[in-house]
Amino acid sequence: MKDEINKIKEEAMGEIKTLNNMEELEELRIKFLGKKGKLTKVLRGMGKLSNDERPVIGQMANEVRRDIEKEINNTRKRLKREIQKKKLEKERIDISIPGKNFILGHRHPLVKTIEELENIFMNMGFSVVYGPEVETVENNFDELNSPENHPSRDLTDTFYITEDILLRTHTSPVQIRVMKENKPPLRIVSAGRTFRFDDVDDTHSPMFHQLEGLVVDENITMANLKETIDTFIKELFGEDMKTRFRPHYFPFTEPSAEVDVSCFNCKGKGCEECNGTGWSMELLGCGMVNPKVLKNCGIDPDKYSGFAFGLGIDRIAMVKYGIDNIRLLFENDMRFLEQF
Ligand code: DAH
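Keep in mind that what you see is a predicted model, and the values were worked out from it rather than measured.

Calculation criteria
Residues numbered from 1 in each chain as written. Predicted model: local features only at pLDDT ≥ 70, side-chain atom pairs only at ≥ 80, totals over all residues. Heavy atoms only, no water. Helix = DSSP H or I, 4+ residues; strand = E, 2+ residues; numbered from the N terminus. Rg over C-alpha atoms; globule rule 2.2 N^0.38 Å. Buried < 20%, exposed > 50% of the residue type's maximum accessible area, 1.4 Å probe, protein only. Contact = heavy atoms within 4.5 Å. Areas by Shrake-Rupley, 256 points an atom, 1.4 Å probe, with all protein chains shown as cover. Lys, Arg positive; Asp, Glu negative; His and termini not counted. Charge placed at Lys NZ, Arg CZ, Asp CG, Glu CD. Near = heavy atom within 4 Å. Polar contact = N/O pair within 3.5 Å; in protein donor to acceptor, adjacent residues only side chain to side chain. Nonpolar A, V, L, I, M, F, W, Y, C, P; charged D, E, K, R; others polar. Core = buried A, V, L, I, M, F, W, Y, C linked by side-chain atoms within 4.5 Å. Pairing = 2+ DSSP bridges. Axes fitted to C-alpha atoms, helices over the stretch in contact; angles between N-to-C directions. Salt bridge = Lys/Arg side-chain N within 4 Å of Asp/Glu carboxyl O.

Draft legend 1. Looking closely at the overall build of the protein. In terms of regular secondary structure, the protein is built from 12 helices and nine strands. Against the globule reference of 20 Å for 340 residues, the protein gives a C-alpha radius of gyration of 45 Å, more extended than a compact globule. With the principal axes as the frame, the protein shows a C-alpha extent of 135 × 50 × 40 Å. Relative to its 340 residues, the protein shows a buried fraction of 40%. Residue pairs at least 24 apart in sequence account for 66% of intrachain contacts in the protein once pairs closer than 6 positions are excluded. Accessible area for the protein stands at about 20,400 Å²; split by element, carbon and sulfur atoms hold 50% of it. In the protein, the 51 positive side-chain charges and the 58 negative ones have mean positions that sit 17 Å from each other.

Shown next as structure tokens:
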């Protein structure tokens, strides 16, 4: 019986070394130590032994049982370590690999310009409002006192959606919306897209941007207009910039003017870029709001007066950022945009 027990021990110890996982280990435990296990079976036969032999064999069997249990426990720990090691290797993270490069975008030079313009006017007490790009002919032309035969109304100059609806040709219809919906005093600017049937060249695009301004209150005069525009230009381009008001015609203002500012290149001295004049031409249009327009919007022209102005934002962005071709603003070429 001793031999039998020793054989069982050897067999168990040998098998246990070849195990690779927990399931096999449990199978082995049942095979040797379970209720129907090999060692248990041997012990059941102990009844046949003599009284002398029984305690000796009993002790021996218990020792073998303990040895096998111990080995099973050690193996369990070893397998656990191995499984964990394998898992760690599989899930290993190489922290030296360069991370994903998140590209944090930035604002388009045109958007930056719009925000800068809006900020200057907000600091002067103006509110920023928005108007729709799809407008009525009424707001875009009629209420602005545009003559029936004005060339800008022409089908070849304007994108009509229906006879009465169009893509706004300027931001001036926002004036009408503001005056119809609010009572003076009014002090607003409004930037946005405008559309004209223009061929594309270095300085023209059928879609471009304007900033509209409107002030209506009691006792507003041309002096207020001049001071506001002058302050704005100095804020935008620098203290040494001058403005020049030239008489002009717009149906919605009377009198009207076009504003030139000192040449951006030579600051007024005269250079090749300004043909020696020292002036950069036609930066914006402006004037005193035509009393007819006030009346169209339900504002009493005997009590109130106002001034308005409109400027091209794309041109200002191009001057500010040294861009010589308007197409670049709308092509969204990353190689261009990344420069700002
Ligand atoms: N709407 C004019 C244009 O697109 C610009 C303009 C001129 C706006 C005079 C005004 C203004 O508000 O008073 O050419």
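Draft legend 2. A look at the site of the ligand. In the vicinity of the ligand, 15 residues are found, and the nearest of them are H170, Q175, R196, Q210 and E212. Within the side chain of R196, an N or O atom sits 2.8 Å from an oxygen atom of the ligand. The contact in question runs from an oxygen atom of the ligand to an N or O atom on the side chain of E212, over 2.6 Å. Residue assignment for the shell around the ligand shows that the elements contributing at least two residues are β5 (207-217), β8 (279-289) and β9 (305-312). Of the residues assigned to the shell around the ligand, the class counts are five nonpolar, eight polar and two charged.

Draft legend 3. How the structure looks around the nonpolar core. In terms of nonpolar packing, the biggest core is built from 38 residues, with L211, F232, F309 and L311 touching the most fellow members. Broken down by element, this core gets its largest block of residues, six residues, from helix α8 (residues 222-237). Setting aside anything within four residues of it in sequence, one finds L311 in contact with L117, H209, Q210, L211, F232, L283, L284 and I316. Counting 20 residues, the second largest nonpolar core, distinct from the first, contains A12, L19, V42 and I68.

Draft legend 4. Focus on the sheet that holds strand β1 (residues 127-128). If you walk across this open sheet you meet the seven strands as β1-β4-β5-β9-β8-β7-β6, and the pairing is mixed. Strand pairing shows two members of the sheet lacking a second neighbour, β1 and β6 (243-250), which therefore form its edges. Judged from the two bridges that link them, β1 and strand β4 (residues 186-195) form a sheet pairing that is parallel. From the neighbouring strand, S127 faces β4, where its bridge partner is I188. Here helix α10 (residues 313-321) sits on the sheet in contact with β4, β5, β8 and β9, set at roughly 55° to β9.

Draft legend 5. Representation of the environment of I299 in the model. Take I299: it is sitting in the loop between α9 (291-296) and β9. Judged by its relative accessible area of 5%, I299 is buried. Through-space distance from the C-alpha of I299 to that of K180 is 8.3 Å; in sequence the pair is 119 residues apart.

Draft legend 6. The pattern of salt bridges, seen in detail. Applying the stated criterion across every chain, the model contains 19 salt bridges. For E26, the salt bridge goes to R29, with nearest N and O atoms at 3.0 Å. Taken together, the residues E26 and R29, both in helix α2 (residues 22-33) and three residues apart, mark about one turn of the helix. Judged by its relative accessible area of 32%, E26 falls in the partly exposed class. The salt bridge involving R335 is made with D333; its shortest N-O contact spans 2.8 Å. The exposed category is assigned to R335, whose relative accessible area is 65%. Several salt bridges share partner residues, and in doing so they unite R244, R246, E258 and D260 into one network.

Draft legend 7. Local environment of the side chain of H108. The topology assignment puts H108 in the loop between α4 (53-90) and α5 (109-123). If we ignore the near neighbours within four places in the chain, the residues touching H108 are L329, N332 and L337.

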